[in-house]
Amino acid sequence: MTTIGKNIVRQRQTARSWKFWAVLGLFGLAGLAVVSRRNYLLFHSLAELFSISVAWAVFFLVWNTREMMENDALVFVGTSYFFIGFIDLLHTLAYKGMGVFGAHWGANLPTQLWILARYLESGSLLLYPMLIGKTFRPDRVFFSWLGITAAVLVSIFYRPVFPDCYIDGTGLTAFKIGSEYIICLLLCLAFVHLYLKRDQVDPTVFRLISASIAATICGELAFTFYVSVYGLSNLVGHFFKIVSFVLIYHALIRTGLTRPYSVLFKSVKDNEEKYQAIFQNAQVGLFRSRVSDGKPMEANAFCAELAGYQSADECLKQYDASESHLLRQAYREMMPEIEKTGMVKNRESRIRRDDGSTLWLGLSGSLGEDKKILEGAVVDISERKLQESTRESQLKLIDFAARHDSRQFLQKLSDEAEMLTESEIGFFHLIDPDQETITLQAWSANARKNTPGTEPMARCYPISQAEAWAECVGKAKPVIHSDNSHVSRKRGLPEKHAPAIRELLVPVVRSNRVKAIVGVGGKPIPYGDDDVKKVRRLADTAWEIVERKRAEERLQAANESLEREVRQRTRELEKIAYEFESLFDSSQVGMMVLRGGRFFSKGNQRLADILGYETPREMEGLSMKSLHLDQERFQEFGEKYYDKLSQGEVLHVEYQLRRKDGTPVWCSLSGKALDSGEPVDLDKGVLWIIDDIGDRKHAEHVLKATLDQLERSNDELAQFAYVASHDLQEPLRAIIGFLQLLESRHHDQLDEKGRHYIDRTVKAGHRMQKLISDLLALSRIDTRGQDFAMTDFNEIMDKVLGRLQSRIKQKGATVDCGELPSAMADASQMETVFFNLVSNALKYNESQAPRVEIGWTQSDSRYRFYVEDNGIGISPRFFDRIFIVFQRLHGRRQYSGTGIGLTLCKKIVERHGGRIWVESEAGKGSTFFFTLPSQRRTG
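So, here is what we can say about the structure in this document. (Residues numbered from 1 in each chain as written. Predicted model: local features only at pLDDT ≥ 70, side-chain atom pairs only at ≥ 80, totals over all residues. Heavy atoms only, no water.)

## Some words on the overall build of the protein chain
(1) Moving on: Broken down by element type, the protein chain carries 25 helices and 25 strands.
(2) Moving on: Taking all 939 residues of the protein chain together, the buried fraction comes to 44%.
(3) Moving on: When contacts within the protein chain are restricted to residue pairs at least 6 apart in sequence, long-range pairs at least 24 apart make up 62% of them.
(4) Moving on: For the protein chain, the computed accessible surface area is about 50300 Å², with 54% contributed by carbon and sulfur atoms. (Helix = DSSP H or I, 4+ residues; strand = E, 2+ residues; numbered from the N terminus. Buried < 20%, exposed > 50% of the residue type's maximum accessible area, 1.4 Å probe, protein only. Contact = heavy atoms within 4.5 Å. Areas by Shrake-Rupley, 256 points an atom, 1.4 Å probe, with all protein chains shown as cover.)

The following block contains the structure:
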């Protein structure tokens with residue numbers, strides 16, 4: 001049962017509880033009346049002490065729930081009853097026959113105290129409506145009432161200025177009788193003010209306080225007929241006083257306890273449901289594990305996917321069976337820092353999964369409130385780490401090349417390729433221009449370390465004798481061998497080196513010709529696409545440097561051999577410079593050098609293409625300011641990143657640069673200062689590697705366009721449903737018409753069975769017409785609905801009840817409908833909703849006295865309508881099913897219908913921005929609810 005259904009049941013139980021207590025109270029009052037006949041003093045003491053107990057219970061209830069109360073005015077009233085109860089206690093002790101105060105006080109003192117307490121009570125109830133909506137501190141309210149009470153008691157006991165209320169031998173004074181009427185007038189004014197502000201008060205609280213005021217007035221009127229302390233009017237007045245105090249008590253129970261706790265628990269449940277929805281649907285891996293042993297208690301689908309499992313349940317079940325489980329490794333990585341600081345934030349960790357593949361994860365987490373649960377999040381950062389590691393290696397190579405010769409550089413290249421791919425060996429081979437000869441230029445330091453006594457040297461051999469290398473040159477594409485044992489002639493390994501079972505070869509291709517091959521081997525697990533990407537990016541960058549290095553070495557050789565021939569040397573230098581610029585411009589990566597970190601010094605053609613310039617020369621002297629979208633972003637970029645450059649860090653950032661024509665372009669930037677000193681001197685230049693990532697941004701745009709296309713497809717599907725439903729009507733009408741014509745014209749020629757078949761067929765056709773008509777209406781809800789206009793729901797119900805009048809009379813049913821509100825709606829569709837709900841309430845009702853009640857309530861900015869019946873009811877397991885098209889719980893022989901009515905209602909209510917649901921039990925009737933916004937923009 002839903003929360004609303006439980007509230008309705010709880011309200012009914014509360015009504016029964018009220019009846020019980022009312023009967024018990026009547027017996028109690030009767031008992032007090034009997035006591036008053038035998039011992040009036042005992043009756044008076046019991047009545048007053050009961051009232052005093054209730055008054056103080058009211059105070060303690062208010063005081064201990066003041067933080068939960070939404071209405072501070074009730075705190076004001078509840079606090080007043082503490083002092084009213086205190087004065088009533090003095091009145092009880094001063095009553096005739098108690099003997100607590102001296103005889104000289106007579107009957108005047110208790111009467112004065114009585115009038116004083118009633119003035120305080122009527123005054124607090126009069127001020128209550130005026131204070132609704134205002135806030136104040138409860139302690140100030142308490143001390144204010146304390147001061148007022150102390151002042152009036154002083155006026156009676158110490159400075160007797162309070163007017164006499166009773167004179168022995170004379171009776172009640174005019175002041176006392178007049179005060180009773182004044183108190184009644186104050187209470188009437190209190191009720192008027194309360195009625196005017198009834199919308200700001202809980203309905204139950206309004207009724208209880210109003211009834212309390214009425215009971216107090218009746219009691220005061222009874223006391224105006226006061227004859228003696230033992231008279232009947234005194235008895236009746238005390239009865240009304242007891243009732244008044246009990247009603248105030250229940251009013252504050254409603255506000256102080258029942259309502260706040262029900263709201264509190266509902267909020268807790270709503271928050272839990274929201275948490276679960278966010279947890280399960282998050283596009284980040286989320287999990288909760290025990291701190292003691294790392295055992296996962298909960299994980300979402302995204303986390304399971306990262307761990308390599310199909311579902312979260314499988315991920316949790318496999319934890320104990322796998323020592324390399326992702327969550328087990330994440331727990332080990334996070335716990336040292338968790339134990340120190342209680343939390344982990346963005347910790348980067350490399351994880352190896354069960355299938356041997358590796359992932360780079362970003363780990364974050366903290367301890368739960370009980371310190372026994374680790375709440376963690378994992379993010380796949382493998383792609384970012386791949387880019388970072390590759391770019392960092394590229395920058396290292398560029399920096400290394402500036403201070404070393406080509407042989408050392410090629411060994412460094414082999415080392416970097418080996419390190420990036422976690423291999424045992426690395427190689428670099430050059431391919432001769434004839435594409436028939438391959439030359440081993442260098443192998444990694446690790447390869448030489450594992451083969452003592454072997455030094456790197458250039459070794460040439462025909463490509464035809466190197467199977468794997470020949471395959472790479474022939475295809476001009478990367479080649480992966482997961483099992484290299486079948487290759488008969490292996491080339492490239494140092495002598496006596498252990499065989500490399502796995503091998504990856506990546507060619508460097510320029511002008512459709514393979515220029516070089518970078519190779520790695522001996523990885524513990526198979527090579528994958530990430531390894532290819534790493535080696536390819538590294539090889540492309542290295543090739544440019546290799547060419548430049550070879551040019552520099554050729555230049556150096558020319559300087560040594562042709563020192564005397566300066567002119568020839570100059571021509572060769574110009575030629576080499578030209579070759580270098582050509583190679584620099586043909587790079588697949590945008591590169592630029594900035595003087596002082598902020599002014600363009602040098603760049604290649606790829607950079608010019610990315611930024612929209614014709615040539616890099618056009619950019620010479622440009623300030624970096626001109627490459628930013630605006631002055632503010634330029635300053636922000638410098639403040640955020642240049643301090644890190646000056647500390648020698650390698651930067652990686654995605655950023656929008658400004659093209660020459662002013663349009664933005666998304667780029668991936670990697671930068672490093674060229675100076676390696678401490679501190680770093682940015683005036684010596686900053687090298688930036690720039691990649692255009694506009695394609696990825698474009699893919700995001702394409703995704704949005706695809707979603708828009710899906711929305712248009714949905715509209716076309718609705719139009720198709722309308723056309724299909726409409727076109728089915730014509731052949732059905734023809735079938736029914738011809739069958740009826742056949743039956744009428746050949747009635748005498750047909751036997752009973754033939755006429756029965758025709759009758760069943762005609763009825764089936766009519767049912768089909770009704771079904772198609774309902775489907776047509778269902779397809780038109782969103783496309784053919786009228787514009788929303790201010791609609792009087794009372795007029796709608798008049799039309800609905802008029803249409804159902806004959807069925808109501810036939811059933812002998814009673815339909816109760818109170819005054820309904822007006823709201824912005826499609827009147828025709830709202831009539832359909834009410835017609836279906838009331839019609840169903842009559843149809844599915846086997847009661848001897850069918851009853852249907854239509855009503856509404858308002859909460860915040862929504863109307864909630866309901867249609868309640870005493871019919872056959874619905875089992876809770878069918879609640880969702882009944883709103884699905886064609887879903888019926890009974891056969892057509894029991895109840896007619898197409899099974900579309902409630903689906904129509906659901907679609908219409910959802911079109912109006914509301915929702916519809918049912919609360920019921922089998923055999924106990926049903927209540928259908930639906931909500932609508934009480935306010936809606938018309939423009």
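## Comments concerning the pattern of salt bridges
(1) Moving on: Counted under the stated rule, the structure contains 21 salt bridges.
(2) Moving on: Two residues, lysine 684 and aspartate 675, come together in a salt bridge whose shortest N-O distance is 3.5 Å.
(3) Moving on: Overall, the relative accessible area of 11% leaves aspartate 675 in the buried class. (Salt bridge = Lys/Arg side-chain N within 4 Å of Asp/Glu carboxyl O.)

## Focus on unusual backbone geometry
Most of the time, phi is negative for any residue but glycine, and the peptide bond is trans.
(1) Moving on: A positive phi angle, close to 55 degrees, is found at asparagine 346, a residue other than glycine.
(2) Moving on: Here asparagine 346 shows up in strand 5 (residues 343-352).
(3) Moving on: Owing to a relative accessible area of 57%, asparagine 346 belongs among the exposed residues under this scheme.

## Observations regarding helix 24 (residues 827-843)
(1) Moving on: Its 17 residues place the ends of helix 24 24 Å apart at the C-alpha level, agreeing with the 24 Å of an ideal helix rising 1.5 Å per residue.
(2) Moving on: Its side-chain oxygen 3.2 Å from the backbone nitrogen of serine 828, aspartate 826 forms the N-cap of helix 24. (Expected span 1.5 Å × (residues − 1). Polar contact = N/O pair within 3.5 Å; in protein donor to acceptor, adjacent residues only side chain to side chain.)

## Focus: a nonpolar patch on the surface
(1) Moving on: Together, Phe191, Val192, Tyr195 and Leu196 line one region of the surface with nonpolar side chains, adding up to about 390 Å² of accessible area.
(2) Moving on: Summarising the element assignment, leucine 196 is placed in helix 6 (residues 174-196).
(3) Moving on: Owing to a relative accessible area of 63%, leucine 196 belongs among the exposed residues under this scheme. (Patch = residues over 30% accessible without salt bridge, like charges linked within 9 Å, V, L, I, M, F, W, Y side chains within 5 Å.)

## Brief notes about the packing of helix 22 (residues 793-803) against helix 24
(1) Moving on: Put simply, helix 22 and helix 24 touch, their axes get as near as 9 Å, and they point 50 degrees apart. On the basis of the axis angle, helix 22 is oblique to helix 24. Read as a crossing pair, helix 22 and helix 24 show a hand that is right-handed. Along the contact surface, helix 22 presents Phe793, Ile796, Met797, Lys799, Val800 and Arg803, while helix 24 presents Ala827, Met830, Glu831, Phe834, Phe835 and Val838.
(2) Moving on: Partitioned by chemical class, the residues of the contact of helix 22 with helix 24 number nine nonpolar, no polar and three charged. (Axes fitted to C-alpha atoms, helices over the stretch in contact; angles between N-to-C directions. Parallel < 35°, antiparallel > 145°, perpendicular 65-115°, else oblique. Left-handed = near helix turned anticlockwise from the far one by under 90°. Nonpolar A, V, L, I, M, F, W, Y, C, P; charged D, E, K, R; others polar.)

## Examining the pairing of strand 7 (residues 373-380)
(1) Moving on: Relative to strand 7, strand 3 (residues 285-290) runs antiparallel, the two being bridged by six bridges. Along strand 7, the bridge assignment pairs arginine 290 with isoleucine 373.
(2) Moving on: Note that strand 6 (residues 358-367) and strand 7 share seven bridges and pair antiparallel. Residue pairing across strands places glycine 365 opposite glycine 376, the latter belonging to strand 7.
(3) Moving on: In this structure, the hairpin formed by strand 6 and strand 7 is closed by a connection of five residues, where lysine 371 is found at a positive phi of approximately 65 degrees. (Pairing = 2+ DSSP bridges.)

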